[in-house]
Amino acid sequence: MVPENKAEYEAVRNEILRLQDSITNETIHMYVTYIALFSLGPKYSRAFLASFIVLIVFRAMINENQWELKKCSIFLTVFFEECADDLHWERLHTFRYYRSLREIRESKIGWTFYQWSATFLALLSLLALFVHTLPSVDGTPSIDTVLLLLAGCGFCVLTIYVNASFRYKESASDAMLRDCIREYKKSVSAERSDHDPHGMT
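Cut-off values and rules
- Residues numbered from 1 in each chain as written.
- Predicted model: local features only at pLDDT ≥ 70, side-chain atom pairs only at ≥ 80, totals over all residues.
- Heavy atoms only, no water.
- Axes fitted to C-alpha atoms, helices over the stretch in contact; angles between N-to-C directions.
- Helix = DSSP H or I, 4+ residues; strand = E, 2+ residues; numbered from the N terminus.
- Parallel < 35°, antiparallel > 145°, perpendicular 65-115°, else oblique.
- Contact = heavy atoms within 4.5 Å.
- Nonpolar A, V, L, I, M, F, W, Y, C, P; charged D, E, K, R; others polar.
- Buried < 20%, exposed > 50% of the residue type's maximum accessible area, 1.4 Å probe, protein only.
- Lys, Arg positive; Asp, Glu negative; His and termini not counted.
- Salt bridge = Lys/Arg side-chain N within 4 Å of Asp/Glu carboxyl O.
- 1 Å grid on protein atoms, 1.4 Å probe; cavity = no way out; pocket = protein on both sides within 12 Å on 5 of 7 lines; lining within 4 Å.
- Points joined across faces, edges and corners; volume = space filled by probe spheres on them.
- Core = buried A, V, L, I, M, F, W, Y, C linked by side-chain atoms within 4.5 Å.
- Left-handed = near helix turned anticlockwise from the far one by under 90°.
- Phe/Tyr/Trp six-rings, centres within 6.5 Å; stacked < 30°, edge-to-face > 60°.

K.L.:
Can you lay out the packing of helix H2 (residues 46–79) against helix H5 (residues 117–133) for me, pointing to particular residues and giving the numbers?
P.N.:
A pair of packed helices can be characterised by two numbers: the angle between their axes and the separation between those axes. Where H2 meets H5, the axes come as close as 9 Å, and the angle between the chain directions of the two elements is 170°. Regarding the angle of H2 to H5, the classification is roughly antiparallel. Residues Phe 48, Leu 49, Ser 51, Phe 52, Leu 55 and Arg 59 of H2 pack against Ala 118, Leu 121, Ala 122, Ser 125, Leu 126, Ala 128, Leu 129 and His 132 of H5. Of the residues in the contact of H2 with H5, the class split is ten nonpolar, three polar and one charged.

Right, dumping it as structure tokens:
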């Protein structure tokens, strides 16, 4: 690997490490902030609504970083590992036996809770909101109560949507991203050939 390519390879690997750290930190902050707001819910019912917003925002940030992580991984595979005999790490993620093992791992309860934790917590907040609000209703609920419960239902649905959006048609999305990067590589190669038609550097 020439020095320029090695520098680019290391830069992308460092970006992968940064994104992994960001995902870990965002997940921890999501849990901590959620717990803090949920604990205020029994005293201030609107804190339950705020807990939904925390889940939506942090889950959206995690989704974006996971997408960037995949982009970096596929970039390294297409631009470096497919052209080298001594680089293999990112290609492992597409190896059929590895994918089978990963599917088994993802079917376990711990991994399922990790992937869908925002959904589980949103359902918990919605349940707590109803349990805390409805007993205080005497007769016909007020407009404020109805709006509070409707807002809770809306935020809960939005949280589930954001949580599910990254996993929806994941394989097709990965294939499209891989095709995009392959086309980009062809474009770069064609551009390089146009600037250097005789193969001279």
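K.L.:
How would you summarise the side chain of Glu 26 if you had to cite specific residues and measurements?
P.N.:
Checked against the element boundaries, Glu 26 lands in helix H1 (residues 3–40). For the buried Glu 26, which has no salt bridge, the nearest side chain bearing the opposite charge is Arg 18, at an N-O separation of 7.1 Å. For Glu 26, the contacting residues outside a window of four places in its chain are Phe 58, Met 61, Ile 62 and Asn 65.

K.L.:
Let's hear about the pattern of salt bridges: which residues, and what values?
P.N.:
All told, the structure shown has five salt bridges when counted by the stated rule. Two residues, Arg 182 and Glu 82, come together in a salt bridge whose shortest N-O distance is 2.9 Å. Of this pair, Arg 182 sits in helix H7 (residues 170–195) while Glu 82 sits in the loop between H2 and helix H3 (96–106), placing them 100 residues apart in sequence.

K.L.:
For the layout of surface pockets, give the residues involved together with the corresponding values.
P.N.:
Taken as a whole, the largest pocket holds about 1,000 Å³ of empty space. Contributing to the lining of the largest pocket are 31 residues, with Leu 69, Lys 70, His 93, Arg 102 and Glu 170 lying nearest its centre. Those elements that provide at least two residues to the lining of the largest pocket are H1, H2, H3, helix H4 (109–115) and H7. In terms of residue class, the lining of the largest pocket is built from eleven nonpolar, nine polar and eleven charged.

K.L.:
Any details on the environment of Tyr 161? Residues and values, ideally.
P.N.:
Note that Tyr 161 resides in helix H6 (residues 143–165). Its relative accessible area of 57% is what places Tyr 161 among the exposed residues.

K.L.:
Could you give me a rundown of the nonpolar core, with the residues and numbers involved?
P.N.:
Counting residues in each nonpolar core, the largest one holds 17 residues, and the members touching the most others are Leu 49, Phe 52, Leu 55, Ala 122, Leu 129 and Cys 156. Contributing elements (two or more residues each) for this core: H1, H2, H5 and H6. Considering each element in turn, this core owes the most residues, six residues, to H2. Val 12, Ile 16, Phe 80 and Ile 181 belong to the second-largest nonpolar core, a separate cluster that totals 15 residues.

K.L.:
Could you give an account of empty space enclosed by the protein, naming the residues involved and the relevant values?
P.N.:
Following the criterion strictly, the structure yields one cavity of 30 Å³ or more and no others. Here the largest cavity defines a volume of roughly 50 Å³. What lines the largest cavity is Thr 27, Met 30, Tyr 31, Arg 59, Ile 62, Gln 66, Tyr 114, Gln 115 and Ser 117. By residue class, the composition of the lining of the largest cavity is four nonpolar, four polar and one charged.

K.L.:
Describe in detail the packing of H2 against H6, supporting the description with residues and values.
P.N.:
Between H2 and H6, whose axes approach to 9 Å, the crossing angle comes to 15°. Of the possible angle classes, the one that applies to H2 and H6 is roughly parallel. Relative to H6, H2 is oriented so that their crossing is left-handed. Within the contact between the two elements, H2 uses Arg 46, Leu 49, Phe 52, Ile 53, Leu 55, Ile 56, Arg 59, Ala 60 and Asn 63 and H6 uses Leu 148, Ala 151, Gly 152, Phe 155, Cys 156, Leu 158, Thr 159, Val 162, Asn 163 and Ser 165. Here the contact of H2 with H6 is built from residues that sort into twelve nonpolar, five polar and two charged.

K.L.:
Give a description of the packing of aromatic side chains that names residues and reports values.
P.N.:
Applying the stated criterion to the full structure yields nine aromatic pairs. Arranged with centres 6.3 Å apart and planes meeting at 20°, the rings of Phe 52 and Phe 155 form a pair that is stacked. Here Phe 52, found in helix H2, pairs with Phe 155, found in helix H6; they are 103 residues apart in sequence, far enough to count as distant. Judged by its relative accessible area of 26%, Phe 155 falls in the partly exposed class.

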